[in-house]
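Fold and geometry: a report
Each chain, written out:
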Amino acid sequence: MLSFLRLGLGLRARIAFAFGLGGLIVSALLSLTAYSVTRTTSLDQRAEAVERQFFNNASFVRTASLTEDASFGDILDNLPQVAGGSPIARIPDNENLWVAPRLASEDLPPELIEQVATGEGAYSMRYSRNGNHSLAIGIRVGETAVSYFEIVTLSEIESNLSSLRTTLAAASIGATVIAVLLGVWASSRALRPLATVSEAALSIAAGDLDTRIDERGDPDLDAFVGSFNDMASALETRIERDARFASDVSHELRSPLMTLRASVDVLDARKDELSERSGAALSLLSEDVTRFQRLVEDLLEISRSDAGSIDASFDSIDIVELLRHVRAATGHVDIDVQVMKSLNSPVILGDKRRLFQVVSNLLENADKYADGPVRIMLGGSEDHIRLTIDDAGPGIPKDERRLVFDRFARGVAARRRGTGGGAGLGLALVAEHVRLHHGRVWVEEVPEHQGARFVVELPRSREQ
Amino acid sequence: MGTRILTVEDDERIRTAVRFALEDEGWVVDEADSGESAIDQFSRGETDVVLIDIMLPGIDGFELCRTLRRNSDVPIIMVTARDDTHDVVAGLEAGADDYLTKPFAPKELSARIRALLRRNRPVTADASTVRIGDLEIAAEQGVVKRAGEEVHLTKTEFRLLCELASSPGKVFSRETLLEKVWGYDYFGDGRLVDVHVRRLRTKVEADPAHPRHVVTVRGMGYKIQS
């Protein structure tokens, strides 16, 4: 019903609003009814009382007017007081047309005078006299042309009604406010279980897979809690199965690789005894065992990272020293590292093995696809370190720069896969490792030539 | 008489291939296909280094390691197909001196064995006896006493203690310790140091949970103090 309100308002605000609106409608309806009933009743009662007194007075006036020396002034003076009223008489034969002890004829509405003068019986009329709500009632006295009027001011009823109006309005506002507060309370109470669920979900997302919510004995909530817990269990089972699978694959693939590795090494040691053809075949075998081994390691690394079973150990790492070791290990000692002046310290908190892999994978990537790295730069600021590796290749088109970090990046890899080609997990692992360090990695162009520039930005501390 | 290596591995193909490769490296290799047979062979007293695969039928690698450790400080290298923290730490806590992940290069294994054997000859500390609190380290004799009583350390633990005791109060980073004690150049696993320090504490500290001698310097490494 209130769907138009959904825009921009939270559930809690909507519930409070609905409560408030409900409170306002109900209290306003009740107030209006109470007011109009009170108003009608009190005015009617007053009019009835006035009329009763009026008719008594009218017959008194008639009786008195039959007396010879009757002076209307005296008659009116001696009339019993109609509550809040003032008498007026109109005597057409008199020299003074109007006899009015306290009021003037102008106080009467002319229509009423006309009606009484021409019609039969009593007429009454409610009207506003000088801003006061008044009741005028008139009748012709017996068979004479004399008209007798009473003007009754209703202002004290009006002022009573006005204070009633104020009170009711205040009560309505109060009721609305209370309803809103009630709505806020009810909604936060109703939503409190959601906060528990939200906490539980966050804790699951943070890796505490055995997080569950306690049932509260509320049949409405327990169904929800039950399905949440079922979901958590299913998720836990599945993640554990994935992690176990990765681990099983690890064992299953690594064991035969062990035999292959050791056997190939034994053969390699006897390469001289082999014919040229057998030696060439052995080289192929040896290289592909290495490649296969590398692929298995990369696959395991990435599936471990997917399963969230990261056993990162963060230490203070000197990136300059790390670069020296990577260059030595990958045969790039001839490429100098340009350390920017902006770098005040090359030390960051990181996982050495993974950072090593980041740099070596980037260098190998440049070797495989872009005629090798040509420049390594290290810069940074207070809170991060920036490593850039430029290659001498043809560069990477803008729309493929993100794709190169995809696993087995197909479209790109199909073109980029070289003869000694890897399966394209290298850059995906770079992205995973950098993400683990809360850093960023991207590709841009080298300003001076057309090669690709890989940029890795790593925060100095883990918290960022 | 060459250095004898006992390889404990249930997979015959791996066992054979590793034996060939190790023999090419110049080691004498004995084979065992189970923990039970390994204990049998070890009891002959000819073994210099033990290579244990964690996944064994019957007595598993951890249990075998603990059993051997009860009576011997022979260098033990664990071989695991899983390099997750649990297996590595459990292996080291069972008493292994080092670990390798399958598939390893036979040359790497040889380097590890050489490093372990090098360590078996006590080195360091010019002074014959170093005193640190209630600890007494006689480097030459390879004897450590705590409150006058001899404490039995493995060679690796002893070497680690001597290294730390060579400069009391100086903080040694994990990297330095990996290089000096295990012979790793850059890629040693810090968990090796952590677990060995833990094991060392259970032997040389009165209250290993609140160490007084071998203390952790947060974010930097370890140091020894009296």
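It should be emphasised that the depicted structure is a prediction, and the values quoted were computed from it without experimental measurement.

Definitions and limits used
- Note that residues are indexed from 1 along each chain, following the sequence as it is written.
- Note on labels: chains are lettered from A, ligands numbered from 1, in written order.
- Only residues with pLDDT of at least 70 are given local features in this predicted model, and only at 80 or more are side-chain atom pairs given and counted; all residues enter the totals for whole chains, interfaces and linings.
- To get the side-chain values, take all heavy atoms of the structure and skip hydrogens and water.
- A run of H or I in DSSP becomes a helix once it reaches four residues, and a run of E becomes a strand once it reaches two; helices and strands are each numbered from the N terminus.
- Two residues qualify as a contact provided that any one of their heavy atoms is within 4.5 Å of a heavy atom in the partner residue.
- Residue exposure ignores everything except the shown protein chains as possible cover, and the areas themselves are Shrake-Rupley values with a 1.4 Å probe.
- Any residue under 20% of the maximum accessible area for its type is buried, any over 50% is exposed, and the rest in between are partly exposed; the area is computed with a 1.4 Å probe on protein chains only.
- Following DSSP output, two strands are said to pair if at least two bridges run between them.
- Pairing of N or O atoms within 3.5 Å defines a polar contact, subject to two protein rules: one partner must be a possible hydrogen donor and the other a possible acceptor, and residues neighboring in sequence count only if both atoms are side-chain atoms.
- Patch membership is restricted to residues that have no salt bridge and whose relative accessible area is over 30%. Joining uses 9 Å for like charges and 5 Å for the nonpolar side chains Val, Leu, Ile, Met, Phe, Trp and Tyr.
- The term salt bridge refers to a pairing of a side-chain nitrogen on Lys or Arg with a carboxyl oxygen on Asp or Glu at a separation within 4 Å.
- Here, axes are lines fitted to C-alpha atoms. For helices the fit covers the stretch in contact, and angles between N-to-C directions go from 0 to 180 degrees.

Quick look at the overall build of chain A
- Looking only at helices and strands, chain A has ten helices and twelve strands in total.
- Summarising the internal contacts of chain A: among those between residues at least 6 apart in sequence, 62% fall at separations of at least 24.
- Carbon and sulfur atoms make up 55% of the accessible area of chain A, which totals about 25,600 Å².

Brief notes about the pairing of strand β10 (residues 384–391) of chain A
- Within β10(A), six of the eight residues are buried, leaving the element largely enclosed by the surrounding structure.
- What sits between strand β9 (residues 373–380) of chain A and β10(A) in their antiparallel hairpin is a turn of three residues.

Thoughts on helix α4 (residues 85–93) of chain B
Residue and element names in this part refer to chain B.
- Three or more residues of α4 are buried, namely D87, V88, V89, G91 and L92.
- Against α3 (61–71), β4 (76–80), β5 (98–101) and α8 (190–204) lie the buried residues of α4.
- A positive phi of about 120° marks G95, the residue just after α4.

Some details on the environment of A:S345
All names here are of chain A.
- Considering the arrangement of structural elements, one finds S345 in the loop between β7 (337–339) and β8 (347–350).
- The class for S345 is partly exposed, based on a relative accessible area of 25%.
- Along the backbone, S345 and I385 are 40 residues apart, and their C-alpha atoms lie at a distance of 8.8 Å.
- What S345 contacts, discounting residues up to four positions off in sequence, is I385 and R460.
- Polar contacts involving the side chain of S345 include one to the main-chain amide nitrogen of V347, which spans 3.1 Å.

What about a nonpolar patch on the surface?
- Side chains of A:F17, A:L21, A:L24, A:I25 and A:L29 sit close together on the surface and give an oily, nonpolar patch of about 440 Å² of accessible area.
- With respect to the helices, strands and loops of the structure, A:L24 is situated in helix α1 (residues 11–66).

Points about the sheet that holds strand β1 (residues 85–90) of chain A
Residues and elements named next belong to chain A.
- Here five strands make up an open sheet; going across it, the order is β2-β1-β5-β4-β3 and the pairing antiparallel. Bordering the open sheet on either side are β2 (98–99) and β3 (123–129), each of which pairs with just one other strand.
- Alignment of β3 against strand β4 (residues 132–140), held across seven bridges, turns out to be antiparallel. Within the sheet, the bridge partner assigned to Y127 lies in β4 and is S134.
- Across the face of the sheet, α1 comes into contact with β3, β4 and β5 (147–153) while running at roughly 150° to β5.
- Contacts from helix α3 (residues 110–118) reach β1, β2, β3, β4 and β5 within the one sheet, and its direction differs from that of β4 by about 15°.

Some details on unusual backbone geometry
- B:P103 follows B:K102 through a cis peptide bond whose omega is -5°.
- Relative to the helices and strands, B:P103 is located in the loop between β5 and α5 (106–119).
- One non-glycine residue, A:D371, adopts positive backbone phi at about 55°.
- Following the sequence through the fold, A:D371 ends up in the loop between α8 (352–369) and β9.

Description of the sheet that holds strand β1 (residues 4–8) of chain B
Residues and elements named next belong to chain B.
- Read across the open sheet, the five strands follow the order β2-β1-β3-β4-β5; overall the sheet is parallel. Two strands bound the open sheet, and with one partner strand each, they are β2 (28–32) and β5. Between one strand axis and the next, the sheet turns by 20° as a mean value, whatever way the strands run.
- Here β4 runs beside β5; their pairing, made up of four bridges, is parallel.

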